[in-house]
Amino acid sequence: MTTEFDLLQQLRSIATDPAARGLLDDAAVLGDLVLTHDTIAEGVHYLPDDPPASVGWKLAAVNLSDIAAKGAVPAAALLSLTLRGDGEWEQAFLDGLAAACESYGLPLIGGDTIALPAGAPRVLGLTVVGRSDGRVPARSGGQPGDALWLAGTIGDSAAGLQLLGADPRSTGVLVDTYRRPVPLLAAGRALATGASAMMDVSDGLLLDCARLAGASGCGADLDLDALPLSSAFVAERGAGRAARLFAATGGDDYALLAALPAGLDPFTLSLPADARLTRIGTLAPGSGLALHDSGGAVPLPERLGHEHRTS
Ligand SMILES: Nc1ncnc2c1ncn2[C@@H]1O[C@H](COP(=O)(O)OP(=O)(O)OP(=O)(O)O)[C@@H](O)[C@H]1O
Ligand SMILES: Cc1ncc(C[n+]2csc(CCOP(=O)(O)O)c2C)c(N)n1
Ligand SMILES: [Mg+2]
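Just so it is clear, the structure is predicted and the values come from calculations on it, not from any experiment.

## A word on the site of ligand 1
Residues in contact with ligand 1, as listed here, are Glu4, Leu8, Leu11, Leu23, Asp25, Asp26, Asp38, Asp66, Arg139, Ser202 and Asp203. A distance of 3.4 Å separates an oxygen atom of ligand 1 from a polar atom in the side chain of Asp26. Contact with the protein chains covers 67% of the free accessible surface of ligand 1, which is 610 Å². The leading source of residues in the shell around ligand 1 is helix H1 (residues 4-12), at three residues.

This is the structure:
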């Protein structure tokens, strides 16, 4: 079995240029350019029955979330498109991609197209280039004592995916969040001006927080009770410990996790009016994650988030 973690270890010996940031960041940084590439695949990141326009939207949004996490402004995109002989699907997919590009000021400037053999699942890729006019916080800059803040909520997408698993005709806010995530570009720009470290939460808060803390040479202490849940999530799953652990490990959140120096009040930054910013914990000396709630220490779940692996 090969895991994403194993492969990244091998890639690190190849990607030695400083722009690669040791492959320990959400994006590469080349001068004032921030570069990222994310792939989405049928059955892995989206469901075969998802509306194709939502798949196009999601492809742009997941990439833009990495640009948001580095405080950059979208500059251009390159699309890797696979055709499967269903022109209607492909047209609607492109309409959804175009809508996201339009919404976030992301010009599509090139790419590549191939046809797939019959029956092969679709795999779609996007490279997004952003431009930074200031600091580009890495995952690795956190210091013990930094406060951990989360922009956005967690758990909605994972709850939406479960609803669709139970009934493919499910609708509502949670399903919409799974299909059409919103990249927090304005919040990312504001937080980047003060953050010592930042990343987007795509694989699950606990796993991504362990990554940020590990890259920063720190441990992290998280308050499960503080995790921001949407009202739609709470209406569906409640806000007890099991629901909170589900939200903290589900992934697909595209929230932003920032480590801010202890003395910095994030509400003094130029955050957008609709930003939902929550203090969720602290970076600590040492290593590893510690979880607590009002009852005391909470054992870490076996699975902290999503990791790609072959079986
Ligand atoms: N196949 C690859 N070749 C070169 N670099 C890679 C490859 N896969 C991942 N990386 C690099 O490894 C680092 C971590 O990638 P990862 O995909 O975990 O981050 P991410 O894109 O922020 O997360 P997510 O994919 O969950 O949104 C990044 O610097 C990324 O560019
Ligand atoms: C059909 C279906 N099954 C499972 C999931 C959950 N999921 C897949 S990849 C991923 C992490 C982000 O991906 P990456 O690390 O590749 O950016 C998550 C949470 C989903 N979205 N759709
Ligand atoms: Mg990635």
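Here the narrative resumes.
## Quick look at the site of ligand 2
By nearness alone, 16 residues border ligand 2, and His45, Tyr178, Asp203, Asp252 and His308 come closest of all. Within the backbone of Val44, an N or O atom sits 3.1 Å from a nitrogen atom of ligand 2. Tyr178 has a polar side-chain atom sitting 2.8 Å from a nitrogen atom of ligand 2. Its free accessible area being 520 Å², ligand 2 has 86% of it covered by the protein chains. Of the residues assigned to the shell around ligand 2, the class counts are six nonpolar, seven polar and three charged. When we break the shell around ligand 2 down by domain, the ones giving at least three residues each are domain 1 (4-131) and domain 2 (139-298).

## Looking at the pattern of salt bridges
Evaluation of the coordinates by the stated rule reveals 13 salt bridges. A salt bridge links Asp26 to Arg139, with the nearest nitrogen and oxygen atoms 3.1 Å apart. Highlighted residues: Asp26 in the loop between H1 and strand E1 (28-30) and Arg139 in the loop between strand E5 (123-131) and strand E6 (147-151), separated in sequence by 113 residues. For the pair formed by Asp26 and Arg139, the shared burial category is buried.

The rules we used
Residues numbered from 1 in each chain as written. Chains lettered and ligands numbered in written order. Predicted model: local features only at pLDDT ≥ 70, side-chain atom pairs only at ≥ 80, totals over all residues. Heavy atoms only, no water. Near = heavy atom within 4 Å. Polar contact = N/O pair within 3.5 Å; in protein donor to acceptor, adjacent residues only side chain to side chain. Areas by Shrake-Rupley, 256 points an atom, 1.4 Å probe, with all protein chains shown as cover. Helix = DSSP H or I, 4+ residues; strand = E, 2+ residues; numbered from the N terminus. Nonpolar A, V, L, I, M, F, W, Y, C, P; charged D, E, K, R; others polar. Domains from an automatic or database assignment. Salt bridge = Lys/Arg side-chain N within 4 Å of Asp/Glu carboxyl O. Buried < 20%, exposed > 50% of the residue type's maximum accessible area, 1.4 Å probe, protein only.

From the geometry alone we can't say anything about function, so treat these as descriptive.
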